[in-house]
Amino acid sequence: MSDSITPLSALESLLLYAVRVGLLPPEDVNYARNALLDAFGLSAPTDGYGLDDAKEIPLSEALDALNAYAAERGLIGDSPSARERFGVKLMGLLTPSPEAFRNRFETIERISGIDSACAWFNQLCVTNGYINEIAIAKNERYFAPSPYGALEITINLSKPEKDPRDIAALADIDSARETEYPACMLCLENEGYAGRPGFPARQTLRTLPIELDGERWRFQFSPYRYFPEHCIVFAETHSPMRIDVSTFRKLFDFLDRFPHYVIGSNADLPIVGGSVLNHNHFQGGKYIFPMEKADVFARATHPMYPRVRVSMLRWPMTALRLTGEDRQSIVGMAELIRTAWNKYSDPSLGVLARTNSILHNTVTPIARRLKNEYALDLVLRNNRATQEHPLGLFHPHSELHHIKKENIGLIEVMGMFILPGRLMTELNALRFALTDGKCFARHEADDPLAKHDEWISSLVKRYGCDQPSDSAERILRDALAEKCVRVLEDAGVFKQDGSGRNGFVRFLESVGFVTAQSKS
């Protein structure tokens, strides 16, 4: 702790900050001060107090000082995650209660509209630290050209590596009940939860009750914020991911209240689903993803739904876009496609609907409003594994695993890649192969860089080893984007070639669609 920052000055600075940013009404300062003192086991301030003479210091410095003081007093363990959880606890004491938050949100929505209410809610999550803008600003983000339009690449540098002390603390948790509550990180019970080693504190989390297709769901913002107003919408009950006709109705119900957002669901099967399959949820935000800008290579119509326009997208994933003013017709067509796809096989292209009793086909749905119209993208997915591709035939193949081995979820489907922070360290090291003027030497097998050897060797052959540093960085970025394109192409069921497009058309015609001539 800095000698110039005493625990009391940090505490008063915290109160001053909370009043200034609107977390705390001035008339609640004494109540909040007492709550903060109690968090430290203190019955009274150790020195003079009051906001009139207080000096506000940066929030991160104030919290660092208070966390250090708590560790000195033995109130918390001296590890990064223990300090982080305690800091969240302090900010939770300054955050409006769930009821006060909901009342304020609904008041703003009633007076100024849903867009303003969401902007206020998002800013609340920033000011109380639930969304850590300083950490998020560390992420590396850029756009790169591809045959399908620009892709967005984000390297996540805001997620710190686990500290050995945190790992050791996990061994002290021996209660099954403790480790099963909350049941997952999306459960409603997270709101206000104090956290534990290996599970984050959520005292600053606030959720908004909403109703979707007659069911109780919640709306919150993601603490990771990979794009503006990145939100998570989740069922109040802990139930597994499920794509059915109700999913489409829920997405449109959400858009009727939040028309300024895009909203989508991960698929509901392993390999092609997201990282959380055990809790039904959607993700969305106030953002235009690369997929939304994709060209159309052909159109289709269906006699049962003449008011719905159908576009086949020129996108590495196999995607249909359904557009029209009548949401009921779009829901009906989407369910027609989904149920037909669930049973559809095309062995000539490796598409099998099931293996014995194991189902392989599902969809990733993405919805948005376009003025007076609704748009629903359906991305066809298949999770079949083969002997040659044991992790999935329509999944990144093994030669891409040095970049992306995990499931291709909703965000990647839409053209935004979230890659691990270790990749930035590796890319910085690999850049020397393009700049040091020496012959490329392969790494030892146990070197973390060895998995990139084939890739870097091909780049050195193509570009040489005496590139300027800025050129080498551009080469690596573009090469990384090329890998990401191939990841999406591998995950596409019907490829963007003659055979794949013909297969796509065969599927649609089997459902009763009439397709227009390809635009190439």
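Attention in this report is confined to the structure presented alongside it. (Residues numbered from 1 in each chain as written. Predicted model: local features only at pLDDT ≥ 70, side-chain atom pairs only at ≥ 80, totals over all residues. Heavy atoms only, no water.)

## Structural notes on the overall build of the chain
And step 1. The secondary structure content of the chain amounts to 17 helices and 16 strands.
And step 2. Taken over the C-alpha trace, the chain has a radius of gyration of 26 Å; the compact-globule value for 520 residues is 24 Å, and the two agree within 12%.
And step 3. In terms of overall dimensions, the chain has a C-alpha envelope of 80 × 65 × 45 Å along the principal axes.
And step 4. In the chain, which comprises 520 residues, the share counted as buried stands at 53%.
And step 5. Long-range contacts, defined as pairs at least 24 residues apart, comprise 66% of the intrachain contacts of the chain with a sequence gap of at least 6.
And step 6. Of the roughly 23,900 Å² of accessible surface on the chain, a fraction of 50% belongs to carbon and sulfur atoms.
And step 7. The positive charge centre, built from 59 side chains, and the negative charge centre, built from 67, are 6 Å apart in the chain. (Helix = DSSP H or I, 4+ residues; strand = E, 2+ residues; numbered from the N terminus. Rg over C-alpha atoms; globule rule 2.2 N^0.38 Å. Buried < 20%, exposed > 50% of the residue type's maximum accessible area, 1.4 Å probe, protein only. Contact = heavy atoms within 4.5 Å. Areas by Shrake-Rupley, 256 points an atom, 1.4 Å probe, with all protein chains shown as cover. Lys, Arg positive; Asp, Glu negative; His and termini not counted. Charge placed at Lys NZ, Arg CZ, Asp CG, Glu CD.)

## A short note on the pattern of salt bridges
In a structure, side chains of opposite charge can pair up when their charged atoms sit close to one another.
And step 1. The full count for this structure, using the stated rule, is 32 salt bridges.
And step 2. Between aspartate 213 and arginine 249 there is a salt bridge whose closest N-O contact spans 3.2 Å. Of this pair, aspartate 213 sits in the loop between strand E3 (208-212) and strand E4 (215-221) while arginine 249 is found in helix H10 (residues 245-257), placing the two residues 36 residues apart along the sequence.
And step 3. The exposure class assigned to aspartate 213 is partly exposed, which follows from its relative accessible area of 26%.
And step 4. Take arginine 249: its relative accessible area is 31%, and that puts it in the partly exposed class.
And step 5. Sharing partners across several salt bridges, the network here consists of Glu191, Arg216, Arg218 and Glu236. (Salt bridge = Lys/Arg side-chain N within 4 Å of Asp/Glu carboxyl O.)

## Regarding unusual backbone geometry
And step 1. For the bond from tyrosine 181 to proline 182, the omega torsion is -15°, close enough to zero to count as cis.
And step 2. Mapped onto the elements, proline 182 comes out in the loop between helix H9 (176-179) and E3.
And step 3. Its identity is not glycine, yet arginine 225 carries a phi of approximately 40°, on the positive side.
And step 4. Looking at the element boundaries, arginine 225 is found in the loop between E4 and strand E5 (231-235).
And step 5. Although it is not a glycine, lysine 371 sits at a positive phi angle of roughly 60°.
And step 6. Note that lysine 371 resides in the loop between strand E13 (361-370) and strand E14 (373-382).
And step 7. Accessibility expressed as a relative area gives 81% for lysine 371, which makes it exposed.

## Structural notes on the sheet that holds strand E15 (residues 416-420)
And step 1. Pairing within the open sheet is mixed, and its 3 strands lie in the order E1-E2-E15. Where the open sheet ends on each side, the last strands, each with one partner, are strand E1 (140-144) and E15. In this sheet, adjacent strand axes meet at a mean angle of 20° when their direction is disregarded.
And step 2. Two elements, strand E2 (residues 151-156) and E15, share 5 bridges in a ladder whose sense is parallel. Across the sheet, threonine 154 pairs through a bridge with isoleucine 418, a residue of E15. (Pairing = 2+ DSSP bridges. Axes fitted to C-alpha atoms, helices over the stretch in contact; angles between N-to-C directions.)

## Looking at the pairing of strand E9 (residues 309-313)
And step 1. The buried fraction of E9 is high, at 4 of 5 residues.
And step 2. Taken together, the 4 bridges between strand E8 (residues 296-301) and E9 define a ladder with antiparallel strand orientation. Opposite arginine 299, over in E9, you have serine 311 as the bridge partner.
And step 3. Pairing of E9 with strand E10 (residues 319-324) involves 4 bridges; the strand directions are antiparallel. Bridging from a neighbouring strand, arginine 309 pairs with threonine 323 of E10.

## Thoughts on the packing of aromatic side chains
And step 1. The tally for this structure, following the rule as stated, stands at 29 aromatic pairs.
And step 2. Each ring, one from tyrosine 287 and one from phenylalanine 289, has its centre 5.0 Å from the other, and the planes form 85°; the classification is edge-to-face. Here the two residues tyrosine 287 and phenylalanine 289 agree in accessibility, since each one is buried.
And step 3. Put simply, the rings of Phe101, Phe105, Trp120, Phe121, Phe219, Phe221, Phe254, Phe258 and Tyr261 touch in pairs and so form one group of aromatic residues.
And step 4. In this structure, arginine 501 is placed above the aromatic ring of phenylalanine 297, and the distance from its NZ or CZ to the ring centre is 4.1 Å. (Phe/Tyr/Trp six-rings, centres within 6.5 Å; stacked < 30°, edge-to-face > 60°. Lys NZ or Arg CZ within 6 Å of the ring centre and 35° of its normal.)

## Here's the deal with the sheet that holds strand E6 (residues 262-264)
And step 1. Taken together, 11 strands build an open sheet; the order of strands is E3-E4-E5-E7-E6-E13-E14-E10-E9-E8-E16 and the sheet is antiparallel. Two strands in the sheet have a free side with no partner beyond their single neighbour: E3 and strand E16 (514-515).

## Observations regarding the packing of helix H1 (residues 7-20) against helix H3 (residues 59-72)
And step 1. The N-to-C vectors of H1 and H3 enclose an angle of 140°; their axes lie 9 Å apart at closest approach. As the angle between them shows, H1 and H3 are arranged oblique. Handedness of the H1/H3 crossing: left-handed. Residues Pro7, Ala10, Leu11, Ser13, Leu14 and Tyr17 of H1 touch H3, and the partners they reach there are Leu59, Ala62, Leu63, Ala65, Leu66 and Tyr69.
And step 2. Residue composition of the contact of H1 with H3, grouped by class: 11 nonpolar, 1 polar and no charged. (Parallel < 35°, antiparallel > 145°, perpendicular 65-115°, else oblique. Left-handed = near helix turned anticlockwise from the far one by under 90°. Nonpolar A, V, L, I, M, F, W, Y, C, P; charged D, E, K, R; others polar.)

## Brief notes about the pairing of E5
And step 1. Across the 5 residues of E5, 5 count as buried, placing the element largely inside the fold.
And step 2. What you see with E5 is no split at all: Cys231, Val233 and Ala235 on one side and Ile232 and Phe234 on the other are buried throughout.
And step 3. Examined bridge by bridge, E5 and strand E7 (residues 281-285) share 4 bridges and lie antiparallel to one another. Bridged to valine 233 within E7 is phenylalanine 282.

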